[in-house]
Amino acid sequence: MGGSVQASLGGRYATALFDLAEQSRTIDTVEASLAKVRAALDQSDDFKALTTSPVVARDAAGKAVLSTADELGVDQTTRNFLGVLAQNRRLAELPAIIRAFRQLAARHRGEVTAEVTSAHALTDEQIDELKQQLRRRVGREVSVDLSIDPALLGGLVVRIGSQMIDSSIRTRLNALASAMTKG
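These remarks concern the structure in this document.

About the cut-offs
- Residues numbered from 1 in each chain as written.
- Predicted model: local features only at pLDDT ≥ 70, side-chain atom pairs only at ≥ 80, totals over all residues.
- Heavy atoms only, no water.
- Helix = DSSP H or I, 4+ residues; strand = E, 2+ residues; numbered from the N terminus.
- Buried < 20%, exposed > 50% of the residue type's maximum accessible area, 1.4 Å probe, protein only.
- Contact = heavy atoms within 4.5 Å.
- Areas by Shrake-Rupley, 256 points an atom, 1.4 Å probe, with all protein chains shown as cover.
- Lys, Arg positive; Asp, Glu negative; His and termini not counted.
- Charge placed at Lys NZ, Arg CZ, Asp CG, Glu CD.
- 1 Å grid on protein atoms, 1.4 Å probe; cavity = no way out; pocket = protein on both sides within 12 Å on 5 of 7 lines; lining within 4 Å.
- Points joined across faces, edges and corners; volume = space filled by probe spheres on them.
- Nonpolar A, V, L, I, M, F, W, Y, C, P; charged D, E, K, R; others polar.

Some remarks on the overall build of the protein chain
Logical step 1: Looking only at helices and strands, one finds nine helices and four strands in the protein chain.
Logical step 2: When the helices and strands of the protein chain are listed from N to C terminus, the series reads α-α-α-α-α-α-α-β-α-β-β-β-α.
Logical step 3: Viewed in the frame of its principal axes, the protein chain has a C-alpha envelope of about 60 × 35 × 35 Å.
Logical step 4: A burial count over the protein chain gives 36% of its 183 residues as buried.
Logical step 5: Counting only contacts in the protein chain whose residues sit at least 6 apart along the sequence, the fraction spanning at least 24 positions is 67%.
Logical step 6: Total accessible area computed for the protein chain in this model is approximately 10500 Å², and 52% of it derives from carbon and sulfur atoms.
Logical step 7: Both charge centroids of the protein chain, one from 23 positive and one from 22 negative side chains, sit 6 Å from each other.

Here is the structure:
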C-alpha cells in the first residue's frame, strides 16, 4: 500500500508536503490547515472555481489563493505549498492532495483512514458514533475522511483501504434491480 499513495500526481505533491511537515514537526498543524482549505473548497463556489478554472491566469490564481490562505489562517508551510501549486497550475489536484496527506498523517500516527461518503452532512455525534463502530470493527483508531454525495439516497459508503463497507440505499436498490432482472 505504501507505493499507492505516491503513484498519483496528487500523492506525489502530498508526499512532498508531508516530508516538509515531518521535518518541521508540523504534521498536525498542516493537516488542520488542509482541513480548512478542504472546507473552503466545499463551501465556497468562488474558491472552488478559482482552483479548477483553466482560464484564471497563473499569477492571479496565485494571488487569490494566497489571500484566501491568509483569510483561512493556514500555517506558513501550507501557505507556501498553495503558492507552489498555483505556480505549477496544480490547484485542481487539491482534493486528491488533501486526501493523500490525511492518509499519510494517519498512517504516521498508526491510524487507519476510512473514506466516508454520505448523502447529507453528518453531525459530530454521528461522526463519533461512526468512529466507535469502525474502531470496534478494525481494532484500532480510525480517522474519518468525510465527503458528501447528494446522489446517495441515504446511508453511507465507507472505504477502508481496498475494503468497501456499504449501507447506501442507492447501492441496495441497484443490487435489488440487478437481481430482479436476472430472475
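So, next bit.
So, the layout of surface pockets
Logical step 1: Of the pockets and cavities examined, the largest pocket occupies roughly 440 Å³.
Logical step 2: In terms of lining residues, the largest pocket is bounded by 17 residues, among which R38, D42, R102, D145 and L146 are the most central.
Logical step 3: For the lining of the largest pocket, the elements supplying multiple residues, two or more each, are helix 3 (27-43), helix 7 (94-108) and strand 2 (142-148).
Logical step 4: A per-element tally of the lining of the largest pocket places helix 3 first, with six residues.
Logical step 5: When the residues that make up the lining of the largest pocket are grouped by side-chain class, the tally is seven nonpolar, four polar and six charged.

A short note on unusual backbone geometry
Logical step 1: Residues other than glycine seldom take positive phi values, yet R25 does so here, at roughly 55°.
Logical step 2: With respect to the helices, strands and loops of the structure, R25 is situated in the loop between helix 2 (9-23) and helix 3.
Logical step 3: Accessibility expressed as a relative area gives 77% for R25, which makes it exposed.
Logical step 4: Residues other than glycine seldom take positive phi values, yet R89 does so here, at roughly 55°.
Logical step 5: You can see R89 is positioned in the loop between helix 6 (76-87) and helix 7.

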